[in-house]
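# An overview of the molecular structure
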Amino acid sequence: MSKPSIPQGTRDFTPAEVRRRQYIFGTLRRIFELYGFEPIETPAMENLVTLTGKYGEEGDRLIFKVLNNGLHAQSDEVKGKMTAEWQKMLEKPYSTPAITERALRYDLTIPFARYMVMHQNDTALPFRRYQMQPVWRADRPQKGRYREFWQCDADVIGSTSLINEAELLCIYSEAFHQLQVPVKIKLNSRKVLAGLAELCGVPDKLTELTIALDKLDKIGWDGVLNELQQRNIPVEHVQRISDILDNTQTGNNYTRLNVLKDFFVGSATGLEGLEEISKTLHYFHSLTAGKDLKPNIDIDITLARGLNYYTGVIVEVVCDSDKVKMGSIGGGGRYDDLTGLFGLKGVSGVGVSFGIDRIYDVMEELGVFPTNVVQSANVLVANFGGEEETYALHIVQRLREAGICAEVYPDASKFDKQMKFANKKGFSFVVLPGSEERKEKKVSLKNFVSGSQSLVTIEEAIAVITA
RNA sequence: GAGGCUGUAGCUCAGUUGGUUAGAGCAUCAGAUUGUGGUUCUGAGGGUCGAGGGUUCGAGACCCUUCAGCCUCCCCA
């Protein structure tokens with residue numbers, strides 16, 4: 001028999017892993033709720049047309065498509081058409097509802113936009129929603145990259161106020177503070193990037209410029225210039241960016257903003273972007289005044305963000321620790337007209353996403369999971385068979401009524417086997433309801449950490465266990 | 001889509017310029033120990049050496065093909 005396996009880039013989770021993941025989910029959920037966000041869920045599958053064209057060319061390629069059912073049951077006439085369509089799919093990137101009508105969710109933002117359009121009449125705006133569900137991408141898996149992974153998104157839709165941006169920054173700060181992950185939150189605006197493109201005389205090359213610029217810390221300035229040349233962007237104007245960067249490496253966010261404003265006098269769009277960043281920071285500091293958060297927020301005009309529906313402030317979170325090498329663990333931004341893609345115009349939204357699988361990996365490497373999150377049943381009731389078995393069932397029920405996590409060993413196996421099981425599973429206590437104990441209506445309670453044992457009533461046992 | 005590395009027991013891995021019956025640790029099961037776990041000791045089970053082909057008297061090892069996994073680039077959470 002061949003060994004079983006799971007698809008590339010997917011994972012099983014053991015009980016200990018699920019508990020640690022739930023610790024992250026729980027932390028985020030509490031914060032989202034505290035900030036007034038409400039949960040929604042959407043299907044794992046969307047209609048393919050809902051997703052295509054929303055994530056750029058590369059994104060389209062990475063959408064997991066679902067093959068239609070019943071392809072064999074079509075009439076000959078339909079089959080002839082499908083064969084032609086299939087031939088096209090073999091030749092170039094192409095998809096058709098005749099063969100793949102549905103696809104797995106690629107992120108949580110586009111499905112949310114679709115949700116908003118469909119539920120616009122029964123949703124009060126501004127609407128704050130959070131969503132924690134898996135997404136799928138047909139990417140090549142590698143470190144920190146999976147084909148199935150979970151996102152936790154919080155979005156505010158139906159308000160253009162920058163208070164929303166500031167609150168989302170608060171949520172980031174609060175969440176990573178509670179999870180004990182040191183982070184740097186990079187802040188930028190699509191309008192600043194557009195301004196840069198204007199100043200460099202290539203307003204139509206915004207995407208190419210930003211993608212190259214985004215790699216600055218990886219490939220250096222020379223690498224960026226190289227990249228730009230390959231994309232047919234005249235390098236001489238771009239030198240301007242280098243000057244700006246040189247003058248904004250130091251100082252706090254406010255002094256840097258002032259320097260940037262001087263550089264951007266020629267670009268109304270750029271100045272608008274800087275003003276947004278400035279106001280966002282202002283609101284953020286009002287919201288966090290006196291709080292014990294140490295958010296490391298950094299204006300970074302090289303931050304690009306891949307998703308091309310962003311229009312305003314954009315943000316990205318990276319782990320700020322020498323111990324951990326990991327890409328971004330969260331990101332987000334404002335999208336002025338996302339629902340417009342589905343026919344609902346004039347509704348602006350802003351959102352952030354937590355990449356919880358990467359956050360998990362980072363927390364594992366940092367060793368910041370609380371030890372008590374890995375907790376299973378607390379008490380094992382041994383099984384001596386016969387009359388004692390009935391007594392054991394009575395005992396385990398009494399323990400559960402007292403709110404104690406307890407399980408009874410289901411077979412009257414050899415005693416040492418039951419003890420080894422208890423040891424391996426890490427119970428705190430083992431209750432021994434043997435014949436001697438039953439006669440006295442008592443149990444032997446063994447503390448499995450210390451090894452000590454005493455003969456007590458059930459009430460006494462409950463008191464000791466819950467102490 | 002491009003490149004690199006690795007596939008040997010359930011897991012982590014040894015395996016000499018190609019040489020007789022492929023090993024270890026961990027894990028599992030049994031016993032030492034039938035109402036007392038962790039430690040220890042003894043024993044057992046477990047392998048088409050990823051798959052297919054080739055070279056050779058002889059291949060786990062060398063060559064080709066293929067599949068899978070990991071990593072890097074691209075891109076992203």
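Residues numbered from 1 in each chain as written. Chains lettered and ligands numbered in written order. Predicted model: local features only at pLDDT ≥ 70, side-chain atom pairs only at ≥ 80, totals over all residues. Heavy atoms only, no water.

Quick look at helix 7 (residues 190-199) now. The element helix 7 is largely enclosed, with a buried count of 9 among its 10 residues. Turning to helix 7, its buried residues are Arg-190, Lys-191, Val-192, Leu-193, Ala-194, Gly-195, Leu-196, Ala-197 and Leu-199. Between a side-chain oxygen at the N-terminus of helix 7 and the backbone nitrogen of Lys-191 the separation is 3.0 Å; the capping residue is Ser-189. (Buried < 20%, exposed > 50% of the residue type's maximum accessible area, 1.4 Å probe, protein only. Helix = DSSP H or I, 4+ residues; strand = E, 2+ residues; numbered from the N terminus. Polar contact = N/O pair within 3.5 Å; in protein donor to acceptor, adjacent residues only side chain to side chain.)

Let us now look at the environment of Arg-231. Structurally, Arg-231 is set in the loop between helix 9 (216-230) and helix 10 (235-247). Given the relative accessible area of 27%, Arg-231 is considered partly exposed. Here the alpha-carbon distance between Arg-231 and Leu-108, two residues 123 residues apart in the chain, equals 31 Å.

Packed helix pairs are specified by the crossing angle of their axes together with the interaxial distance, meaning the distance between the axes. At a minimum axis separation of 10 Å, helix 14 (residues 386-401) and helix 17 (residues 458-466) run at an interaxial angle of 45°. Judged by the inter-axis angle, helix 14 sits oblique to helix 17. Of the two elements, helix 14 crosses helix 17, and the hand of that crossing is right-handed. Counting all contacts with helix 14, which are made through His-394, Ile-395, Arg-398 and Leu-399, the residues of helix 17 involved are Ile-458, Glu-459, Ile-462 and Ile-465. (Axes fitted to C-alpha atoms, helices over the stretch in contact; angles between N-to-C directions. Parallel < 35°, antiparallel > 145°, perpendicular 65-115°, else oblique. Left-handed = near helix turned anticlockwise from the far one by under 90°. Contact = heavy atoms within 4.5 Å.)

What follows deals with the side chain of Thr-123. For Thr-123, the location among the structural elements is in the loop between helix 5 (109-118) and strand 5 (127-136). Within the local environment of Thr-123, its side chain forms a polar contact with the backbone oxygen of His-119, the two atoms lying 2.7 Å apart.

Before going further, it helps to spend a moment on the domain arrangement of chain A. How big an interface is tends to be stated in terms of accessible area lost as the parts join. Here the domain parsing of chain A yields domain 1 (15-44 + 106-366), domain 2 (45-104) and domain 3 (376-466). If you average the C-alpha positions of domain 1 and of domain 2, the two centres end up 31 Å apart. Of the roughly 1,400 Å² buried at the junction of domain 1 and domain 2 (both faces included), carbon and sulfur atoms supply 65%. Linking domain 1 to domain 2 there are 1 salt bridge. Taken together, the links from domain 1 to domain 2 amount to 5 residue pairs in polar contact (both at pLDDT 80 or more). If you tally residues by element for the side of domain 1 that touches domain 2, the top one is helix 5, at 3 residues. In terms of residue class, the side of domain 1 that touches domain 2 is made up of 11 nonpolar, 2 polar and 5 charged. (Domains from an automatic or database assignment. Buried area = accessible area lost by both parts, 1.4 Å probe. Salt bridge = Lys/Arg side-chain N within 4 Å of Asp/Glu carboxyl O. Nonpolar A, V, L, I, M, F, W, Y, C, P; charged D, E, K, R; others polar.)

Turning our attention to a nonpolar patch on the surface. Together, Leu-67, Trp-86 and Leu-90 make up a nonpolar patch on the protein surface, roughly 330 Å² of accessible area in all. The class for Trp-86 is partly exposed, based on a relative accessible area of 41%. (Patch = residues over 30% accessible without salt bridge, like charges linked within 9 Å, V, L, I, M, F, W, Y side chains within 5 Å. Areas by Shrake-Rupley, 256 points an atom, 1.4 Å probe, with all protein chains shown as cover.)

Any two side chains of opposite charge can pair, given that their charged atoms come close. Within the structure shown, the criterion is met by 21 salt bridges. For Glu-364, the salt bridge is made with Arg-20, and the minimal N-O distance between the two is 3.6 Å. A residue pair is termed long-range when its members are at least 10 positions apart, and Glu-364 in helix 13 (residues 356-366) and Arg-20 in helix 1 (residues 15-34) qualify at 344 residues. Here Arg-128 and Glu-167 are joined by a salt bridge, their closest N and O atoms 2.6 Å apart. Linking Arg-128 in strand 5 with Glu-167 in helix 6 (residues 162-178), this pair joins segments that are 39 residues apart in sequence. We note that Arg-128, like Glu-167, is buried. What emerges from the salt-bridge pattern is a single network uniting Arg-11, Arg-21 and Asp-357.

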